[in-house]
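# Overview (structure and organization)
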Amino acid sequence: MGGRIETREVEQVARLARLELSAEEKERMREQLDRILGYIDKLRRLDTEGVPPTSHAVPMVNVMREDEPRPCLPPQEMLANAPDRSGDFFRVPRIIED
Amino acid sequence: MTDPSAAYEVVIGLEVHAQLRTRSKMFCGCPTAFGAPPNSQTCPVCQGMPGSLPVINRRAVEFGVRTALAFHCRVNASCRFARKHYYYPDMPKNYQISQYEEPLAEDGWLELQADGQPRRIAIQRLHLEEDVGRLIHEGTLETAHASLVDFNRSGVPLMETVSQPDVRSPEEAAAYLRAFRAVLLYLGVCDGNMEEGSLRCDANISLRRWGAPDLGTKVEIKNLNSFKNVQRALEFEALRQREALDRGERIVQETRLWDADRGRTRTMRGKEQAHDYRYFPEPDLVPLELSRASVEAVRADLPELPAARRQRFVREYGLPTYDADLLTQTRALADYYEAAVREVPHPKLVSNWMMSELLRAIPADDERALAASPISPRHLAGLLRLVADGTITGKIAKDVFEKMFRSGEDALTIVGREGLTQIADTAALGAVVDQVLRANPKAVEDWRRGKKAAAGALVGQVMKATQGKANPSVVNSLLEAKLSQL
Amino acid sequence: MITQLTVHALVEQFRRGAATPSAAARAYLDRIAAVDPSVRAYITVTPERALAAAAAADARWRAGRPLSPIDGVPIAVKDLLCTKGVRTTCGSRILEHFVPPYDATVIERLEAAGTVLLGKTNMDEFAMGSSTEHSAFFATRNPWDLARVPGGSSGGSGAAVAADLAAAALGSDTGGSIRQPAAFTGTVGLKPTYGRVSRYGLVAFASSLDQIGPFAKDVIDAALVLRVIAGRDPLDSTSADVPAPDFVAELGRPIEGLRLGVPQEYFVEGMDPEVEASVREAIEVLKRLGGRAEPISLPTTDYALAAYYLIAPAEASSNLARYDGVKYGSRAAGARDVIDMSSKTRAQGFGPEVKRRIMLGTYALSAGYYEAYYGKAQKVRTLVRRDFDAAFARVDVIVAPTTPNLPFKHGEKEDPLAMYLNDVLTIPVNLAGLPGVSVRCGFSLAGLPIGLQFIGRPFDEATLLRAAHAYEQATGWQTRRPPLP
Ligand SMILES: [Zn+2]
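Attention here is on the structure that accompanies the text. None of the values given here were measured: they were computed from a predicted structure. (Residues numbered from 1 in each chain as written. Chains lettered and ligands numbered in written order. Predicted model: local features only at pLDDT ≥ 70, side-chain atom pairs only at ≥ 80, totals over all residues. Heavy atoms only, no water.)

## Some thoughts on the sheet that holds strand S4 (residues 168-172) of chain C
Residues and elements named next belong to chain C. Read from one edge of the open sheet, 11 strands run S1-S3-S2-S4-S6-S5-S10-S11-S9-S7-S8, paired in mixed fashion. Edge positions in the sheet fall to strand S1 (42-45) and strand S8 (292-296), since each of these pairs with one other strand and no more. With direction set aside, neighbouring strand axes in the sheet form an average angle of 30°. Pairing between strand S5 (residues 188-191) and strand S6 (residues 212-216): 2 bridges, direction antiparallel. When the sheet's bridge partners are listed, Val-188 is paired in S6 with Ala-216. Its contacts with the sheet place helix H5 (residues 155-162) against S1, strand S2 (74-78), strand S3 (116-121), S4 and S6, and it is angled at close to 165° to S4. Packing of helix H13 (residues 371-392) onto the sheet brings it into contact with S8, strand S9 (397-401) and strand S11 (449-455), and relative to S9 it is tilted by some 120°. (Pairing = 2+ DSSP bridges. Helix = DSSP H or I, 4+ residues; strand = E, 2+ residues; numbered from the N terminus. Axes fitted to C-alpha atoms, helices over the stretch in contact; angles between N-to-C directions. Contact = heavy atoms within 4.5 Å.)

## A word on the packing of aromatic side chains
For any pair of aromatic rings, the description rests on two quantities: the centre-to-centre distance and the angle between the ring planes. What the rule picks out here adds up to 30 aromatic pairs over all chains. Through pairs of rings, three or more aromatic residues link up here, namely Phe-98, Phe-126, Tyr-323, Tyr-328 and Phe-350 of chain C. Cation over ring: Lys-84 of chain B sits above Tyr-277 of chain B, and NZ or CZ is 4.5 Å from the ring centre. Here the guanidinium or amino end of Arg-280 of chain C rests over the ring plane of Phe-267 of chain C, the centre of that ring lying 3.8 Å away. (Phe/Tyr/Trp six-rings, centres within 6.5 Å; stacked < 30°, edge-to-face > 60°. Lys NZ or Arg CZ within 6 Å of the ring centre and 35° of its normal.)

## A look at the sheet that holds strand S15 (residues 280-281) of chain B
Sheet architecture is open: 3 strands sit in the order S5-S4-S15 (chain B), paired in antiparallel fashion. Pairing within the sheet leaves two strands with one partner each, and these edge strands are strand S5 (95-98) and S15 of chain B. Both strand S4 (residues 82-85) of chain B and S5 of chain B contribute to a ladder of 4 bridges, which runs antiparallel. Bridged to Arg-83 of chain B within S5 of chain B is Ile-97 of chain B. Set on the sheet, helix H10 (residues 301-319) of chain C makes contact with S4, S5 and S15 of chain B; between it and S4 of chain B the angle comes to about 60°.

## Regarding the coordination of the zinc ion
Residue and element names in this part refer to chain B. Ligation of the zinc ion by protein atoms is provided by Cys-28 (SG), Cys-30 (SG), Cys-43 (SG) and Cys-46 (SG), these donors lying 2.3 to 2.4 Å from the ion. Considering all 4 donor atoms around the zinc ion, angles at the metal cover 100 to 116° and the coordination shape is tetrahedral. Within one chain, the residues serving as donors to the zinc ion are arranged as C-x1-C-x12-C-x2-C. (Donors = N, O, S within 2.8 Å, 3.2 Å for Na, K, Ca; no water. Tetrahedral: all angles 85-135°; square planar, octahedral: opposite > 155°, others 65-115°.)

What follows is the structure, encoded as structure tokens:
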């Protein structure tokens, strides 16, 4: 066991997941993910050749709604939980590309 | 600008996002109207609130199928939605419900006219997804300290159509988009309004030496919001790449943003920062399995499309290809033409008047303006009937057209009220001609001395005296007769 | 004491006029005030709302026009069901002050049935955990031994029903989050078939596995609540268009001849001997009632947990991406830009277990790993389902322990993997979308409850509940009460 996931990968995944981790957290995370992935590795022993994937436990198809407008919620309700707002807009800090 | 095609072949692929003209959003019942007050058209679903769930809009799927069939695509027997993950503050869930491995439709083509020749551009796939919200920057994107988010647009149905890299020039890219837009307008699935963002285009472009077997490194260009910008951006980018290649540099695979104000593209993000979208099947939705019968029902209901209508206009009305091309740009314009021709059976006359007068007042691709035109097809036909039977002259007709456009009245009303009926009566016109000859001895003298052009000035005087109502050919023959008798 | 009554006994009093919904609501609110400080089942109690709803129910019972067979019944719901105007925290700092502008479908259905909402119960943050120790606010205690955990993630709902702090409660079950705390608190906990109950308004953990279900004092109560919340919802595309039968009417039928499958893989190594003994004894009871028990095999069981710990975190990493400090929830102060703001907001707003699963799920979905992890897990899911299909070709109901062990002490399972292993017997049911119920089947020498799990065919809750009810009626376990005032 061990060595399945490196610190560099932890950092990359944290960036994808938008999680700021301290150096200490990163190391703990690396260690724990490594153990969990070690356990999960047992799946390799199971032959799944030709087995289709299941993404829905109960197979259903073609669930749709008619194209009919329904009432919206008023802006004051939709913005009631906003951490920051300007008028009826949500307000966010400076946008940069990652 | 030097032509990059001298040494290199330009290879372009286009991705078009079209907003579908549904009444409600892709996955919730909020309306899709443009220009509503901020955050007034949202609900827990399209604002990505905890606990909310999407439900597929049936009409959006129908519109997708309709378009796929018009593009000759194979509609997949089974398709599903997937989540595409990336963080951006205009995207409420920080994933977009889109389609990935199993899109709605694949493998079609779109025919366009290149140098008067039909050309087919292959379409790779067509899928449905949801739009994101809208950002307003306090300042520009670069200088803003904060941005504002409006989720009204979030969840509006989008149809993404990806072409194969079959497009071979920036002009052809613009032609592809024009043809693409025309089909969507004919189908009634999109309003085609580029300023409001109903139609958006991303392009990828690469260059390769003529005859090279492999494609060059491609660059993706975003933010192309008009046909003109698509062409300009691609022209700029083709040149930039060619110059780089000529200098022996390698093209970097990247995403570039088109800056219309500066007329150039600039780096947005490089390949090393390429997104890892982590697609997986959307567990909140179930797959779509469209039966053959339901697809065939949509096919049977397809309207006549631009290419077919263009051919029919040439065949049925004897129009030149140029006229047919122009008049079939939008379904509304072609409908207008056919409605007018039904009233007054002079196809070329109607075509001439639409091209020279109507389309001077109304942009050819603006269906809304055409629908709101003060001159209806019936009114135009009424006017042209008066021209065709000689009641009014062409010159008078142009004035009448303008008056009709301003007032919305029909031609007969204006002609009757203003006494504009053409005078073709020989006796009445003869008296006017005599008067003009007497009043213009100098011109008569010039004519006698062999200056035949003087006759033109005399015709003008007759027209002036009759306020343009005189039949020009009657005036000509009268003048000729009287002058030779002098 | 009115708070000790089952739902059906309480409603019988309403019918006879021996008690009123208002009296019941007040009794529960008084008991919450007195006892909950030691159990800590509730995050939010809603007395005004409860009393107003109860008064309306009083009038209906007086007029002889109740809205449903559970009109006026005081109920608690897990704090991940959206309640309009009542904060819904999911046990997380990031949603500490979140007040939804809408009601979950199950909340609407409970209200349409006239029930009285007492409040919102504690849970492991975003339903990730098996002990309710991972709530960002406080740990809930097991009413049978306050030093022990009530299980999780719906530990607050389980504890509330066990401690008579609600007549019934709703929880959600993604990998055992109803059944395991039901076993630990000695309550009846039902996880319906996936699609039986609308998920609209349930704050998602793992969308393809989550299902809402009741905690109750007995099987009849669970059936009564299920009847109210079940059924197709046009707002949830995955809710099935399957009619909800009168589950209560089905309960009376005997189980003579019912074929009961006993999966050998569910008696795992390291299982607590007291749990095993109780479950084996329970199977003997079922046989005496006419059930025909036979051993069956579910060979993929050993792999189900590993597949679950890919699928659930992957879906969670996606579902939890929306908590970015833009639209609702808390926002970290002093950020340079929007990326920094979201990264800090999430770092401060999520607890360690949630971060761990977001990381694991993001990793499992990321480029280059999808096929080896997420893709593989989805295939294993197919095999798990096939195991059950094969079993249900031979038997009507599967009987097994709910958990391999007894309720553990607070802080006893620090290691994440050790905690995950606690779900090994409940997870396969979620992967296959089946209904499952846990009922009390005895006590350890130390007086801790033990759970017996019944697993049924898809949408066959009726048979499942009938077997559970028959067992319950044949034993006296329901009469024992936790050592509380
Ligand atoms: Zn909406």
